[in-house]
Amino acid sequence: MSQIKPYLQLTRPANLVTAIADILAGMAIAQFTFSDYDWLLLIMATLGLYGGGVVMNDVFDAKLDAIERPERPIPSGKIPVKAAGVFGISLLFAGILSATLYSFESGVIAIVVALLTVIYNRFAKHHQILGPLVMGMCRGGNLILGMSILPESIHQWGWVSLLPIAYIAAITLISQDEVHGGKKKSLYIAANLYLIVIFAQLSIAHLMGNVLLVVPFIAFHAWFIGKPLLAAIENPIGPMIGKAVKAGVIAVIIMNASWCVAFGFWTVGILVLALLPLSIRLGKMFAVT
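Our subject in this report is the structure included herewith. Since the structure is predicted, the reported quantities are computational estimates derived from the model, not experimental observations. (Residues numbered from 1 in each chain as written. Predicted model: local features only at pLDDT ≥ 70, side-chain atom pairs only at ≥ 80, totals over all residues. Heavy atoms only, no water.)

## Some remarks on the overall build of the chain
And step 1. In terms of regular secondary structure, the chain is built from 15 helices and zero strands.
And step 2. For the chain, the C-alpha radius of gyration of 18 Å lies close to 19 Å, the compact-globule estimate for 289 residues.
And step 3. Principal-axis analysis of the C-alpha atoms gives the chain an extent of 50 × 45 × 35 Å.
And step 4. A fraction of 75% describes how many contacts in the chain between residues 6 or more apart in sequence connect residues 24 or more apart.
And step 5. When the accessible area of the chain is evaluated, it comes to approximately 13,100 Å², of which 70% is carbon and sulfur surface.
And step 6. When the 18 basic and 13 acidic side-chain charges of the chain are each reduced to a single mean position, those positions are 11 Å apart. (Helix = DSSP H or I, 4+ residues; strand = E, 2+ residues; numbered from the N terminus. Rg over C-alpha atoms; globule rule 2.2 N^0.38 Å. Contact = heavy atoms within 4.5 Å. Areas by Shrake-Rupley, 256 points an atom, 1.4 Å probe, with all protein chains shown as cover. Lys, Arg positive; Asp, Glu negative; His and termini not counted. Charge placed at Lys NZ, Arg CZ, Asp CG, Glu CD.)

If you want it as structure tokens, here you go:
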């Protein structure tokens, strides 16, 4: 177990749970009836894609982490950089394979998501604009991967993936100042992006006739992300910003539960929301950011 734990740390288990929530939300948006179990291939796909992406994040940041986060598996010497790289690439390929086994369309989307993760980690991460944008595209692509369960739904509802892009862009923008503290400007921009997502969900729920059902979910989401964000705005130091980032990442589950309910799948929404305690628990055991 002691040899496996560093590899688990690399995959950010708490974050992996949020990726599962993306797929379930995408399926709900596509109006999938969950009548068979082939959709589990897409769950396996997102675990590989997301896990591989965060592993490659640490591979490319090995030198920086040696200074800023020396306790992490690679800089601490628990996992060699080469071994971590092989592990990350293997997870990405496993994710693509699982998606392709479901359908050709899902495989293509998985390839795009995998390429976006590499682009983010290798080139865009430390760019103030491209970093949040590309990371958001990874999450939006993950939602579309869930929608690919019924490919025709992408033509009608694919634009909804722009909202997770905005949401994750907000988190990524905040996280750029996580180590050394930040400026309130970035935090205010993130708050506005959060509000765009919340109002868009309310509008779509109203359109679908489910606004009363979704309000409790959205209110819970707003409280979950708003409280630490306001604290960070009042005192924009590294630890406070870190808490805002962690809350934003884990709250992806609540956002996805809201999508499920907005599109009429309140039972699936409750199932997705039930992933929250698991993600919080894993977040206490393993790093989230």
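## Focus: the nonpolar core
And step 1. If you look at the biggest cluster of nonpolar residues, it comprises 89 residues, and the most contacted ones within it are Tyr 167 and Trp 259.
And step 2. The residues touching Trp 259, leaving out its near neighbours within four places in the chain, are Ala 25, Ile 29, Val 160, Leu 163, Gln 201 and Ile 204.
And step 3. Formed by five residues, the second largest nonpolar core is a distinct cluster that contains Tyr 120, Ala 124, Val 134 and Cys 138. (Core = buried A, V, L, I, M, F, W, Y, C linked by side-chain atoms within 4.5 Å. Buried < 20%, exposed > 50% of the residue type's maximum accessible area, 1.4 Å probe, protein only.)

## Notes on helix H14 (residues 266-273)
And step 1. Residues of H14 that are buried: Val 268, Gly 269 and Val 272. Buried residues of H14, seen end-on, are gathered within an arc of 105° and therefore sit on one face of the element.
And step 2. Where H14 is buried, its residues contact helix H2 (13-29), helix H11 (211-234), helix H13 (252-262) and helix H15 (275-285). (Arc of directions from axis to C-beta.)

## Describing the packing of H14 against H15
And step 1. Across the interface, H14 lies against H15 with an axial gap of 4 Å and an inter-helix angle of 15°. In terms of axis orientation, H14 runs roughly parallel to H15. Residues Leu 271, Val 272 and Leu 273 of H14 pack against Leu 275, Leu 276 and Pro 277 of H15.
And step 2. Tallied by class, residues from the contact of H14 with H15 come to six nonpolar, no polar and no charged. (Axes fitted to C-alpha atoms, helices over the stretch in contact; angles between N-to-C directions. Parallel < 35°, antiparallel > 145°, perpendicular 65-115°, else oblique. Nonpolar A, V, L, I, M, F, W, Y, C, P; charged D, E, K, R; others polar.)

## Side note on the side chain of Thr 18
And step 1. You can see Thr 18 is positioned in helix H2.
And step 2. Here the side chain of Thr 18 touches Asn 15 through a polar contact of 2.5 Å, landing on its backbone oxygen.
And step 3. Contacts of Thr 18, omitting those with residues within four sequence positions, involve Arg 139, Val 249, Ile 250, Val 252, Ile 253, Asn 256 and Ser 279. (Polar contact = N/O pair within 3.5 Å; in protein donor to acceptor, adjacent residues only side chain to side chain.)

## Topic: the packing of helix H10 (residues 184-208) against H13
And step 1. Direction vectors running N to C along H10 and H13 enclose 20°, while the axes themselves pass 9 Å from each other. Considering the angle they form, H10 stands roughly parallel to H13. Handedness of the H10/H13 crossing: left-handed. Across the interface between the two elements, Val 197, Gln 201, Ile 204, Ala 205 and Met 208 from H10 touch Met 255, Ser 258, Trp 259 and Ala 262 from H13.
And step 2. Residue classes in the contact of H10 with H13 are distributed as seven nonpolar, two polar and no charged. (Left-handed = near helix turned anticlockwise from the far one by under 90°.)

## So, the pattern of salt bridges
And step 1. For the structure shown, the criterion picks out six salt bridges.
And step 2. For Arg 12, the salt bridge goes to Asp 58, with nearest N and O atoms at 2.9 Å. Here the residue Arg 12 occupies a position in the loop between helix H1 (5-11) and H2, and Asp 58 occupies one in helix H3 (residues 40-60), the gap between them amounting to 46 residues. Residue Arg 12 shares its accessibility class with Asp 58, and that shared class is buried.
And step 3. As a salt-bridge pair, Arg 69 and Asp 65 come within 3.6 Å of each other at their nearest N and O atoms.
And step 4. The exposure class assigned to Asp 65 is buried, which follows from its relative accessible area of 2%.
And step 5. Several salt bridges share partner residues, and in doing so they unite Arg 12, Asp 58, Asp 65, Arg 69 and Arg 72 into one network. (Salt bridge = Lys/Arg side-chain N within 4 Å of Asp/Glu carboxyl O.)

## Description of the environment of Ile 165
And step 1. Inspection of the secondary structure assignment puts Ile 165 in helix H9 (residues 162-175).
And step 2. Classification of Ile 165 by relative accessible area gives buried; the value is 17%.
And step 3. The spatial distance from the C-alpha of Ile 165 to the C-alpha of Leu 193 is 9.7 Å, given a sequence separation of 28 residues.
And step 4. Those residues in contact with Ile 165 that sit more than four places away from it in its chain are Leu 133, Gly 136, Met 137 and Gly 140.

## Some points on a nonpolar patch on the surface
And step 1. Residues Ile 111, Leu 115, Ile 119 and Phe 123 make up a contiguous nonpolar surface patch of about 400 Å² in total accessible area.
And step 2. A relative accessible area of 38% means that Ile 119 is categorised as partly exposed. (Patch = residues over 30% accessible without salt bridge, like charges linked within 9 Å, V, L, I, M, F, W, Y side chains within 5 Å.)

Note that all results are geometric; they support no functional claim without further evidence.
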